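# Topology and contacts: notes
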Amino acid sequence: MRTTVGIIGAGPAGLLLARLLHNAGIDSVVLESRDRAYVEQRQRAGILEQGTVDVLRAAGAGGRMDREGLRHDGIELRFARERHRVDFPALTGGSSVMVYAQTEVCKDLIALQLEGGGPLLFGAEALAVEGAESERPRVRFRHEGREDVLECDYVVGCDGFWGVARRAIPAEHSRVFERTYPFGWLGILADVPPSHDELVYARHDRGFALLSMRSPVVSRLYLQVPEGTDAGSWADEEIWDELERRLETADGWSLERGTITSKSVTPMRSHVHEPMRHGRLFLAGDAAHIVPPTGAKGLNLAVGDVVTFARALVHLEETGSAERLDAYSETCLRRVWQAERFSYDMTTLLHRAPDATPFEDRVQLARLRRIATSRAAETDLAEGYTGFPLD
């Protein structure tokens, strides 16, 4: 099998890249180890930055998002039983975010790809990337019980942290930066309308809490819990009681309870692999970087990576210049590190470390009050949350 761009992984990054390339007249093949049902049910992030929303619309994948997604023009910060709303459009010149689950983004992009895009092979497990430093890199993969080879001009690894793409870069050419946090998020989905019309980020002495949503009738909520917590060790009523404590305000706001349909614990860590390119192998999304979920950056960073690659390849096709393709890693990493910085700031702003001192508690509250009383500080948060430029 032969193509211009071999894409490993049919998450939002790989699927969007295939769509961008198709629209530019560049052929690709997408290899996905899981079946279609799994990909379309995989629960992940649900906050789309303004730039991501714009890209999906421009790619022809924004129709259902615009009909069913929930545009949010702000978030609410809670601390010391106080409430402060951050108004995104007023602080950023009109930017907002969209609540639209990653599963829905994948469904939309899969439908487009199967309707008129290049080959999308489900159940195709990538085994190795070979010849990355040559002009004809290859992906060995297993599909329908037999091994095959996909020959490419370029390979883009959108196959996550545990995929084969990142492992194909020799250790002597790699540098890794990472941080693991001593806590995680206990997340629930509940059949109950959200108790607030925008996301609520709460700092509490007992730990962080987040009120989010998946739709007008399904709530998504999170609690900071110790690292290694078993989600099953928390009873449903215990979860609701703790959410109520941490989200409490002085003005009588109340939390609506409902049937919890799923529970899981998400670990908190930061990870960056440099460089994001080796020869004709390019890394995108979680294959190159991971952020804690506090800043809602994971999916959006992946979108930035594939947009950068697609634009660079189109530039090469149109001008014959590989300058932008050669600068792929450097270009992406500038944005990646800004997102890592923002996610780190949000995480340390809102979570209470297990060994936090009274001094550190007061500094957290001072940082929150600064955001609530300084337009400059509030603008920095709003610009980071709605997204850094894709250029």
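The structure presented is a predicted model; accordingly, all values stated were derived computationally and were not measured.

Of regular secondary structure, the protein chain possesses 13 helices and 20 strands. Here the C-alpha coordinates of the protein chain stretch approximately 65 × 40 × 40 Å along the principal axes. When the 391 residues of the protein chain are sorted by exposure, 55% land in the buried category. Just so you have it, the protein chain exposes about 16700 Å², and 47% of that area is on carbon and sulfur atoms.

So, about the sheet that holds strand 17 (residues 259-274). As summarised here, the arrangement of the 8 strands in space is 6-5-14-15-16-13-17-20, forming an open sheet in which the pairing is mixed. Every other strand in the sheet has two partners, leaving strand 6 (82-87) and strand 20 (289-290) as the edge strands with one partner each. Strand contacts of helix 11 (residues 328-350): strand 13 (175-191), strand 14 (200-203), strand 17 and strand 20, with the helix running at about 130 degrees to strand 17, the strand carrying the most contacts.

It is worth spelling out the packing of aromatic side chains at this point. For any pair of aromatic rings, the description rests on two quantities: the centre-to-centre distance and the angle between the ring planes. This structure, assessed with the given rule, holds 14 aromatic pairs. Seen from their ring centres, Tyr154 and Phe309 are 6.3 Å apart, and the 75 degrees between their planes marks the pair as edge-to-face. Of this pair, Tyr154 sits in strand 12 (residues 154-157) while Phe309 sits in helix 9 (residues 298-319); the two residues are 155 residues apart in sequence, bridging distant segments of the chain. The exposure class of Phe309 is buried, given its relative accessible area of 1%. Ring centres of Phe309 and Tyr328 lie 6.2 Å apart, and the angle between their planes is 85 degrees; this geometry places the pair in the edge-to-face category. Highlighted residues: Phe309 in helix 9 and Tyr328 in helix 11, separated in sequence by 19 residues. Across the pair, Tyr328 and Phe309 agree in class, each one buried. By way of ring pairs, the aromatic residues Phe88, Trp185, Tyr201, Phe208, Tyr222, Phe342 and Tyr385 are connected into one cluster. The ring of Tyr38 carries the charged tip of Arg34 above its face, separated from the ring centre by 4.2 Å. Here Arg269 stacks its cationic end above the ring of Phe161, 4.3 Å away from the centre of that ring.

As a further point, take the domain arrangement of the protein chain. For the protein chain, the domain assignment lists domain 1 (5-72 + 96-177 + 269-346) and domain 2 (181-268 + 352-386). Listed as interface residues are 25 residues of domain 1 and, on the opposing side, 20 residues of domain 2. At the boundary of domain 1 and domain 2, one finds 1 salt bridge. Between Arg341 and Asp380 there is a salt bridge, with its nearest N and O atoms 3.7 Å apart. Between the two partners, domain 1 and domain 2, sit 5 residue pairs in polar contact (both at pLDDT 80 or more). Ranked by the residues each element gives to the side of domain 1 that touches domain 2, the list is headed by helix 11, at 5 residues.

Before going further, it helps to examine the UniProt feature "domain: FAD-binding" (unreviewed entry) in the protein chain. UniProt feature "domain: FAD-binding" (unreviewed entry): in the numbering of this structure it lies at residues 2-343. In the segment residues 2-343, helix accounts for 32% and strand for 34%; the C-alpha atoms at its two ends are 40 Å apart.

Under the defined criterion, the tally for this structure stands at 39 salt bridges. Note that Arg64 is salt-bridged to Glu68, the shortest N-O span being 3.1 Å. Separated by 4 residues within a single helix, Arg64 and Glu68 lie in helix 4 (residues 63-68), roughly one turn from each other. Owing to a relative accessible area of 45%, Glu68 belongs among the partly exposed residues under this scheme. Linked by salt bridges that have partners in common, Glu125, Glu130, Arg138, Arg140, Arg142 and Glu147 make up one network.

Conventions used here
Residues numbered from 1 in each chain as written. Predicted model: local features only at pLDDT ≥ 70, side-chain atom pairs only at ≥ 80, totals over all residues. Heavy atoms only, no water. Helix = DSSP H or I, 4+ residues; strand = E, 2+ residues; numbered from the N terminus. Buried < 20%, exposed > 50% of the residue type's maximum accessible area, 1.4 Å probe, protein only. Areas by Shrake-Rupley, 256 points an atom, 1.4 Å probe, with all protein chains shown as cover. Pairing = 2+ DSSP bridges. Contact = heavy atoms within 4.5 Å. Axes fitted to C-alpha atoms, helices over the stretch in contact; angles between N-to-C directions. Phe/Tyr/Trp six-rings, centres within 6.5 Å; stacked < 30°, edge-to-face > 60°. Lys NZ or Arg CZ within 6 Å of the ring centre and 35° of its normal. Domains from an automatic or database assignment. Salt bridge = Lys/Arg side-chain N within 4 Å of Asp/Glu carboxyl O. Polar contact = N/O pair within 3.5 Å; in protein donor to acceptor, adjacent residues only side chain to side chain. UniProt positions renumbered as here; feature names shortened; annotations may be inferred.

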